Amino acid sequence: MSERDGNDMRELLGETAERATRFIESLPDRRVAPERGASELASALGGALPRHGMPASEILARLDEIGGQGVTASAGPRYFGFVTGGALPASVAASWLATVWDQNAFSEVSSPIGAAIERVAMRWVLEALDLPAGSGTAFVTGATMANFTALAAARRAVLLAHGHDVDRHGLRDAPEITVVVGEQAHATLFKALGMLGLGRDRVVRVPADDQGRMRADALPALAGPAIVCTQAGNVNTGAFDPVGAICDAVRADDVRVHVDGAFGLWARASSRLGALAAGVERADSWATDAHKWLNVPYDSGLAIVRDAVALHGAMSIRADYLPNRSRRDPFEFTPETSRRIRGAEVWAAIASLGRNGIAELVEHHCRQARRFAAGLRESGAEVLNDVVLNQVLVAFGDDAVTAEVIRGVQRDGTCWCGGTSWNGRAAMRISVSSWATIDEDVERSIDAILRVAADVTGGSESPSDTAK
């Protein structure tokens, strides 16, 4: 690279940092909903394929000035829509540096730092979540791929117990695997089952209680091979399946218990909340996200499998050009071969927070969720769930009124909350999971929600009166 090129890169990265800093500084007061929709943005950014390239500084300016109008301020303090964490400053900085390094972190040979930092980061994760230290682990894109990865290992293990190597011979002539799920299992779990050839609809559904917890007393008698998929943190209520009791009921050599803990698994980092996840450590595999409650940039999912040999068998590959390794290489445990250093942000986040900081972050959000519930209930709204974690479900009357309040809150822009359906009723779903959210943001958001609700109902009655 010439001196001129080096100077150009320095100027470009400096301008990028300046633009990024202005965006971050705008978040506390920024409208949460985007200003423009996808179609309008595509028209502004698109047009015919350019015949000649543009200078990088002009490209950056266009991306910032046009693209920034379509950004949902989910990195800010008043986004409560999907379970979306913000990005801790240390994790953002680590992500930028890792991008500049531009490592293909598939092996220790291709990137020693990639292998090393993921090894340390995942050891810290296992310690923080109090999961078995010898587990096989994988950094993936998110909980969907984490579920896929862990379930691939489970599929291998339960079929090997019957003498069938699914990774060599496929599912043809394999014993049929019984897959058991709770009635309130997350949609992405079914996507993973479909990708694995186990079928989205070929499942045994177990009834759930009024908070979405799988009922252990309703489990069917199982003859393996079988996989039981449990949940730590219902996406609507935050409730936990009784994983310990489920393990007691189904334990066998040819049965595996998997935990989808996309965000709820992080409750195990807190001594105050850990009882919610009692027994989770007895499962065979776990899936979670770091871009939710650990607050690292997207995308970052984690798959953890007690039987590291099963994970390795399901994910490893061999080729003449690949390194003849003597130690663990990431590509032997993940679906992807070419991949970025996903562990950099996780390592930085945990280094920034420490064990105590992770626990405080989780506990802080749960306190804020309880404040949301109390503030809205006191003003007449109906809270539909037991607020045990960071999730709050609220109705403002009948379904039509609740839906209009949700739309009004999103248009207002003070905060952003999504909608859902719970036990046959429309509900606003409030998910608290960003490090940037302070108590003032919660109060400001409660006021905005109640103001919109009053506008929808005409202000003459409390929100819940419209359902009577």
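Read on for an overview of the structure.

Thresholds applied
Here the residue numbers are simple positions, counted from 1 along each chain's written sequence. Predicted model: local features are reported for residues with pLDDT of at least 70 only, side-chain atom pairs are reported and counted for 80 or more only, and whole-chain, interface and lining totals are derived from all residues. Working from all heavy atoms in the structure, the side-chain values ignore hydrogens and water. Helix and strand assignments follow DSSP, with helices taken as H or I runs no shorter than four residues and strands as E runs no shorter than two, numbered in order from the N terminus. Only C-alpha atoms enter the radius of gyration, while the globule expectation follows 2.2 Å times N to the 0.38, with N the number of residues. Summary of the burial criterion: residues with accessible area below 20% of their type's maximum are buried, those above 50% are exposed, and those between are partly exposed, where the area comes from a 1.4 Å probe applied to protein chains only. In this description, contact between two residues means that some pair of their heavy atoms is separated by no more than 4.5 Å. All accessible areas in this document rest on Shrake-Rupley with a 1.4 Å probe, and a residue is counted as covered only by the protein chains that are shown. Within this scheme the basic residues Lys and Arg register as positive and the acidic residues Asp and Glu register as negative, but His and the chain ends are omitted. For the purpose of locating charges, the reference atoms are NZ of Lys, CZ of Arg, CG of Asp and CD of Glu. Any two strands are treated as partners once DSSP identifies two or more bridges connecting them. Angles here are taken between N-to-C directions and fall from 0 to 180 degrees, while the axes themselves are lines fitted to C-alpha atoms, restricted in helices to the stretch in contact. To form a nonpolar core, buried Ala, Val, Leu, Ile, Met, Phe, Trp, Tyr and Cys residues must be joined to one another through side-chain atoms within 4.5 Å. A 3.5 Å cut-off defines polar contacts: any pair of N or O atoms within that distance qualifies, except that in protein one atom must be a possible hydrogen donor and the other a possible acceptor, and neighbouring residues in sequence count only when both atoms are side-chain atoms. For classification purposes, angles smaller than 35 degrees are called roughly parallel, those larger than 145 roughly antiparallel, those between 65 and 115 roughly perpendicular, and all remaining angles oblique. Should the near helix be turned counterclockwise from the far one by less than a right angle, the crossing is left-handed, whereas a clockwise turn marks it as right-handed.

In this section: the overall build of the protein. Of regular secondary structure, the protein possesses 13 helices and 11 strands. For a compact globule of 468 residues, the expected C-alpha radius of gyration is about 23 Å, and the protein comes in at 24 Å, within 12% of that figure. With the C-alpha coordinates aligned to their principal axes, the bounding extent of the protein is approximately 70 × 70 × 45 Å. Burial analysis of the protein (468 residues in total) assigns 51% to the buried set. Within the protein, contacts between residues separated by at least 24 positions form 74% of all contacts whose residues are at least 6 apart in sequence. Roughly 20800 Å² of accessible area belongs to the protein as shown, and the carbon and sulfur atoms make up 51% of that amount. Positive and negative side-chain charges of the protein, numbering 48 and 59 respectively, have mean locations separated by a distance of 3 Å.

Attention now moves to the sheet that holds strand E3 (residues 204–206). The 7 strands lie next to each other as E1-E7-E6-E5-E4-E2-E3, forming an open sheet whose pairing is mixed. Every other strand in the sheet has two partners, leaving strand E1 (136–140) and E3 as the edge strands with one partner each. In this sheet, adjacent strand axes meet at a mean angle of 20° when their direction is disregarded. The pairing of strand E6 (residues 285–289) with strand E7 (residues 301–305) spans 5 bridges and is antiparallel. Directly across from Asp289, in E7, lies its bridge partner Gly301. Sheet strands in contact with helix H9 (residues 243–250) are strand E4 (226–231) and strand E5 (255–260), and its direction is about 165° off that of E5.

Core analysis: the biggest nonpolar cluster contains 48 residues, and Val125, Trp266, Trp286, Leu294 and Val346 have the highest contact counts within it. For this core, the elements supplying multiple residues, two or more each, are helix H5 (112–129), E4, H9, E5, E7 and helix H11 (343–378). The residues contacting Leu294, other than those within four sequence positions of it, are Leu88, Trp266, Val346, Ala349, Ile350, Leu353 and Ile358. Membership of the second largest hydrophobic core comes to 35 residues, among which are Ala174, Leu198, Ala287 and Val305.

Further remarks concern the environment of Arg156. With respect to the helices and strands, Arg156 occurs in helix H6 (residues 143–160). Taking the C-alpha atoms as reference points, Arg156 and Leu311, separated by 155 residues in sequence, lie 8.3 Å from one another. Those residues within four positions of Arg156 in sequence are excluded, and the remaining contacts are Asp165, Val166, Asp167, Ala310, Gly313 and Ala314. Among the polar contacts listed, one links the side chain of Arg156 to the side chain of Asp167, at a separation of 2.9 Å.

A word on the sheet that holds strand E9 (residues 391–395). If you walk across this open sheet you meet the 4 strands as E8-E9-E11-E10, and the pairing is antiparallel. The open sheet has two edge strands with one neighbour each: strand E8 (382–383) and strand E10 (418–422). The strands touched by helix H12 (residues 399–412) are E9, E10 and strand E11 (425–431); relative to E11, the strand with the most contacts, the crossing angle is about 30°.

Turning our attention to the packing of H5 against H11. The packing of two helices is summarised by the inter-axis angle and the distance between the axes. Between H5 and H11, whose axes approach to 9 Å, the crossing angle comes to 30°. The orientation of H5 relative to H11 falls into the category roughly parallel. Note that H5 runs across H11; the crossing there is left-handed. Between H5 and H11, the residues in contact are Ile117, Glu118, Val120, Ala121, Trp124, Val125, Glu127 and Ala128 and Gly343, Ala344, Val346, Trp347, Ile350, Ala351, Arg355 and Ile358, respectively.

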